[in-house]
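Coordinate inspection notes
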Amino acid sequence: LLFIAGWIFMGLLPSMLIKVKYQRQRLLLLEGLVDCLRQIIARLPDQGNFVRALELTVQGQLEPGIAVMLQEVIKDVSLGCSMEAALKHWRQSVRLRKFNHVVDTILQAHYEGWTKVAMDSMDKAVQAMEADLQAIKLAQQKSRSRKRQLYLTILTAWSFPLILSFLNSGGNNIYLCTLPGKVLVFAYVVGTFFVIVKGQEYLSLNVDEL
């Protein structure tokens, strides 16, 4: 039973850890993008050129992953790619729905000029991403509280076999020396793994829907 429980644990734990790491990376990407786009917007009125604003932004303080993305856009343009192709590559690297609207706004302004209307459209597109980021942080706070409740419930459930284990049958522990007791503990172990994994999935954000 311990061997089977170990295999179940080894099967569930890696996938859960990978999902948690993936979610953190996506949220860090969103946060870094918002900061990056805000810097670009601040530089556009003086530069009047999106690529030049990118170059100045790269020289500032950015998340390493975001800096690499901007450098790729600059590199694509410098090698003769069209702005549309360079931004399409950037959009594919990010894969965030709200960012797609930002890219469309940049392309339209690139061809029609960075007018006040274009700047306002860009600002609204970034504001939508900022609103998502604020909503995510609020959801994370609520999620942490609910996860604490989940873990407390699991500990409470485990207290029952712990207390009952002090009841001896013929001088033996009923959970370690009887088949029904072993099966019950096995069910508790497997059930705990399953509840933790599914609880993590239910209480965490689906970052692919951003």
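Please refer to the structure placed before this passage.
Residues numbered from 1 in each chain as written. Predicted model: local features only at pLDDT ≥ 70, side-chain atom pairs only at ≥ 80, totals over all residues. Heavy atoms only, no water.

Let us look at helix H4 (residues 83–94). Since the α-helix turns once every 3.6 residues, residues separated by three or four places project in the same direction. The end-to-end C-alpha distance of H4 is 17 Å, a good match for the 16 Å that twelve residues give at a rise of 1.5 Å each. Those residues of H4 not exposed but buried are Met83, Ala86, Leu87, Trp90 and Val94. One face of H4 carries all of its buried residues, which in axial projection span an arc of 90°. Backbone geometry just after H4 places Arg95 at a positive phi near 55°. (Helix = DSSP H or I, 4+ residues; strand = E, 2+ residues; numbered from the N terminus. Expected span 1.5 Å × (residues − 1). Buried < 20%, exposed > 50% of the residue type's maximum accessible area, 1.4 Å probe, protein only. Arc of directions from axis to C-beta.)

On to the packing of aromatic side chains. Counted by the stated rule, this structure contains two aromatic pairs. Centroid distance Phe50 to Trp114: 6.2 Å. Interplanar angle 15°. Geometry classified as stacked. With Phe50 in helix H2 (residues 50–58) and Trp114 in the loop between helix H5 (97–112) and helix H6 (116–164), this pair connects stretches of sequence that are 64 residues apart. Ring centres 4.9 Å apart and planes at 70° place the aromatic pair Trp90 and Phe99 in the edge-to-face group. Of the two residues, Trp90 and Phe99, neither departs from the other in class, the shared state being buried. (Phe/Tyr/Trp six-rings, centres within 6.5 Å; stacked < 30°, edge-to-face > 60°.)

Another aspect to go through is a nonpolar patch on the surface. Nonpolar side chains collect at one region of the surface, where Phe3, Ile4 and Trp7 lie side by side and expose about 390 Å² of accessible area between them. On the secondary structure map, Phe3 appears in helix H1 (residues 2–47). (Patch = residues over 30% accessible without salt bridge, like charges linked within 9 Å, V, L, I, M, F, W, Y side chains within 5 Å. Areas by Shrake-Rupley, 256 points an atom, 1.4 Å probe, with all protein chains shown as cover. Salt bridge = Lys/Arg side-chain N within 4 Å of Asp/Glu carboxyl O.)

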